[in-house]
Amino acid sequence: MTTATRTGTTMRHTLTTPTDRTIRVERIFDATRDRVWRAYTEPALVAQWWGRGNTLVIEKMEVQRGGHWRYVEHTPDGETHGFEGRYREVTPQDRIVRTFEWDGMPGHTILETVELTDLGDGRTRVVGTSLFFTPEERDGMLHSGMEGGMAQSYEALDRLLAERRDR
Amino acid sequence: MVQYSSDLDTVFTAVADGTRRGILERLGRREASISELAEQFEMTLTGMKKHVQLLEDAGLVRTQKIGRVRTCMLGTRRLTAEAAWIARYHQMLEAQLDSLGEFLERTKGDQP
């Protein structure tokens with residue numbers, strides 16, 4: 001690991017997490033890839049696990065590139081938390097990339113990637129990678145989007161992601 | 001920056017507790033003495049000292065003793081709220097995968 005100061009002004013923020021703001025989680029489930037895929041993409045199924053026991057209201061879930069999603073979680077002690085974002089990539093049975101924002105931390109966008117691997121013995125590996133952006137970085141991305149359209153904005157994001165992967 | 005990467009666990013532990021998150025929020029508004037915090041969070045001085053120590057170890061809070069009063073303020077880590085959020089998000093992600101595992105077990109055989 002090197003520090004994030006190699007390129008660009010947007011990567012210079014002091015960070016308090018490992019690998020500068022990337023979180024990786026992994027699990028192997030004793031379930032076919034199709035079942036796991038459906039658990040991630042069918043609203044009725046998502047509602048049964050995503051809330052970790054809390055009531056989950058799925059207000060919107062358009063599982064396709066550019067589609068919006070918004071979930072509202074209700075905790076037993078009466079708290080309400082809204083989460084939302086946009087799907088950036090949906091490759092059936094394989095990969096979902098979407099942005100994630102919690103109402104309580106507006107502007108702190110997370111880019112979530114979930115990848116499924118069929119292990120061939122009825123089990124499926126799930127790898128989740130989450131990349132955090134500060135509001136400054138996100139605003140920079142939005143700004144570039146306004147200047148040159150969404151395609152360029154995505155390209156900028158791709159470059160940023162590639163740079164981070166390289167490290 | 002590098003020295004921060006190894007101690008996410010410390011930050012995580014520090015903000016995993018509701019009282020400590022409350023202390024951070026409180027100090028974000030204004031500095032406070034240990035006894036003020038103890039009173040506000042309705043706990044003993046000893047209990048509050050332990051919480052503050054954990055937060056201090058994580059770099060989220062720093063303290064300064066002036067005379068007989070130890071004053072607590074937010075630490076040198078400027079992204080306190082963000083660090084807390086990242087830790088909470090990480091915790092949520094792990095819990096979600098546990099929950100997904102339980103769901104998949106529960107519904108085994110339900111679908112073709």
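Whatever comes next refers back to the structure up there.
Residues numbered from 1 in each chain as written. Chains lettered and ligands numbered in written order. Predicted model: local features only at pLDDT ≥ 70, side-chain atom pairs only at ≥ 80, totals over all residues. Heavy atoms only, no water.

Engineer: Help me understand the overall build of chain A, please; the structure alone is not making it clear to me.
Structural biologist: A tally of helices and strands in chain A yields three helices and seven strands. Reading chain A from its N terminus to its C terminus gives the helix and strand order β-α-α-β-β-β-β-β-β-α. Expressed as a percentage of the 167 residues in chain A, the buried residues total 43%. Put simply, of all contacts in chain A between residues at least 6 apart along the chain, 41% involve residues at least 24 apart. Total accessible area on chain A is roughly 8200 Å²; 49% of this is exposed by carbon and sulfur atoms. (Helix = DSSP H or I, 4+ residues; strand = E, 2+ residues; numbered from the N terminus. Buried < 20%, exposed > 50% of the residue type's maximum accessible area, 1.4 Å probe, protein only. Contact = heavy atoms within 4.5 Å. Areas by Shrake-Rupley, 256 points an atom, 1.4 Å probe, with all protein chains shown as cover.)

Engineer: Can you help me understand a positive patch on the surface in this one?
Structural biologist: A surface patch of like charges, here positive, comprises Lys49, Lys65, Arg68 and Arg70 of chain B. Among the structural elements, Lys49 of chain B can be located in helix 5 (residues 45-57). (Patch = residues over 30% accessible without salt bridge, like charges linked within 9 Å, V, L, I, M, F, W, Y side chains within 5 Å. Salt bridge = Lys/Arg side-chain N within 4 Å of Asp/Glu carboxyl O. Lys, Arg positive; Asp, Glu negative; His and termini not counted. Charge placed at Lys NZ, Arg CZ, Asp CG, Glu CD.)

Engineer: Sorry if this is basic, but what is going on with helix 5 of chain B here?
Structural biologist: An α-helical turn contains 3.6 residues, so a residue and the one three or four places further along point in the same direction. Residue and element names in this part refer to chain B. The end-to-end C-alpha distance of helix 5, which contains 13 residues, comes to 18 Å, matching closely the 18 Å that a straight helix rising 1.5 Å per residue would cover. Looking at helix 5, one finds that the buried residues are Met48, His51, Val52 and Leu55. With its buried residues spanning 95 degrees around the axis, helix 5 presents them on a single face. Exposed and oriented more than 90 degrees from the buried face of helix 5 are Thr46, Lys50 and Asp57. Phi for Gly59, located one or two positions after helix 5, is positive at around 80 degrees. (Expected span 1.5 Å × (residues − 1). Arc of directions from axis to C-beta.)

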